[in-house]
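Here is how the chains run, residue by residue.
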Amino acid sequence: MLRIIRLRARREAAEPGGRVLTRRQVIRLSSWEDLQRELDRSRRYGHSFSVVRLASRTRLKPRSNGAGRERRAELERRALMVGVLLRKLDRVWADGEDIYVLLPEGGRAMAESMLDRIREPLTVLVPDSVAAIATFPQDGLSIGGLLAA
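Residues numbered from 1 in each chain as written. Predicted model: local features only at pLDDT ≥ 70, side-chain atom pairs only at ≥ 80, totals over all residues. Heavy atoms only, no water.

**Focus on helix 3 (residues 32-45)**
So, point 1. Between the first and last C-alpha of helix 3 there are 20 Å, a value that for 14 residues agrees with the 20 Å anticipated at 1.5 Å per step.
So, point 2. Asp 34, Leu 35, Glu 38, Leu 39 and Ser 42 are the residues of helix 3 that are buried. Within helix 3, the buried residues cover an arc of 140 degrees as seen down the axis, which keeps them to one side. Exposed positions of helix 3 whose direction lies more than 90 degrees from the buried face are Glu 33, Arg 37 and Arg 44.
So, point 3. Looking at the packing, one finds that the buried side of helix 3 touches strand 1 (49-56), strand 2 (91-95), strand 3 (98-104), strand 4 (129-136) and helix 7 (143-148).
So, point 4. Looking one or two residues beyond helix 3, the residue adopting positive phi is Gly 46, at roughly 70 degrees. (Helix = DSSP H or I, 4+ residues; strand = E, 2+ residues; numbered from the N terminus. Expected span 1.5 Å × (residues − 1). Buried < 20%, exposed > 50% of the residue type's maximum accessible area, 1.4 Å probe, protein only. Arc of directions from axis to C-beta. Contact = heavy atoms within 4.5 Å.)

Below is the structure:
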């Protein structure tokens, strides 16, 4: 199964112009609202969760032409492909030039284990990224605290 995912990730990453996202794929992308819901749920029930930020090492200057739109579509396509590598209950979304992964019901050890497990296809999908992990409640008690960590 992992071999199929790797091959698909390589093929998708190699497409020159990428594909236009379908409506179903866009709906599958998660958002900051999912993070807020998970934060509320974890506070209520005493669970932990982790947020992984795949930060791009290269920052591009914002442009008013179509290049920014194309860059955004490419990032969303890559976020969807990262989502293929995760559990069904995990969430992934793109914001700015970064991809975020929400791992409910898991602490830092689980997040590190997940990153180790998908390291090879991840380097194909987002080769210029650096992963950072923040765990609730150890690293922060709010979204701002988690993002700062």
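After that view, the rundown keeps rolling.
**A short note on unusual backbone geometry**
So, point 1. In this structure, the amide linkage connecting Phe 136 to the following residue, Pro 137, adopts the cis form with an omega of 0 degrees.
So, point 2. Tracing the backbone through its elements, the reader meets Pro 137 in the loop between strand 4 and helix 7.
So, point 3. Here the phi dihedral of Glu 105 falls at roughly 60 degrees; this positive angle occurs in a residue that is not glycine.
So, point 4. Mapped onto the secondary structure, Glu 105 falls in the loop between strand 3 and helix 5 (108-117).
So, point 5. The class of Glu 105 is partly exposed, set by a relative accessible area of 38%.

**A few points about the pairing of strand 1**
Looking down a regular strand, the side chains alternate between one sheet face and the other.
So, point 1. Of all eight residues in strand 1, seven are buried; the element is thus mostly enclosed.
So, point 2. The sheet contact formed by strand 1 and strand 3 spans six bridges and is antiparallel. What sits directly across from Ser 50, in strand 3, is Leu 103.
So, point 3. Where strand 1 lies against strand 4, eight bridges are found, and the strand directions are antiparallel. Across the sheet, the residue bridging to Leu 54 is Ala 131, located in strand 4. (Pairing = 2+ DSSP bridges.)

**Describing helix 5**
An α-helical turn contains 3.6 residues, so any two residues separated by three or four positions project in the same direction.
So, point 1. Listed as buried for helix 5 are Ala 111, Met 114 and Leu 115. For helix 5, the angular spread of buried residues about the axis comes to 100 degrees, placing them on one side.
So, point 2. Buried residues along helix 5 sit in contact with strand 1, strand 3, helix 6 (119-125) and strand 4.

**What to know about the pattern of salt bridges**
So, point 1. Enumeration according to the criterion identifies ten salt bridges in this entry.
So, point 2. Residues Arg 77 and Glu 74 are paired through a salt bridge, measuring 2.8 Å at the closest nitrogen-oxygen approach. One end of the pair, Arg 77, and the other, Glu 74, are both in helix 4 (residues 66-84), three residues apart, so they sit about a helical turn from each other. Both residues of the pair, Arg 77 and Glu 74, count as buried.
So, point 3. Taking the shortest distance from any N to any O, the salt bridge between Arg 108 and Asp 139 comes out at 2.3 Å. Here Asp 139 lies in the loop between strand 4 and helix 7 and Arg 108 lies in helix 5, a separation of 31 residues in the sequence.
So, point 4. Residue class for Arg 108 comes out partly exposed when judged on its relative accessible area of 33%. (Salt bridge = Lys/Arg side-chain N within 4 Å of Asp/Glu carboxyl O.)

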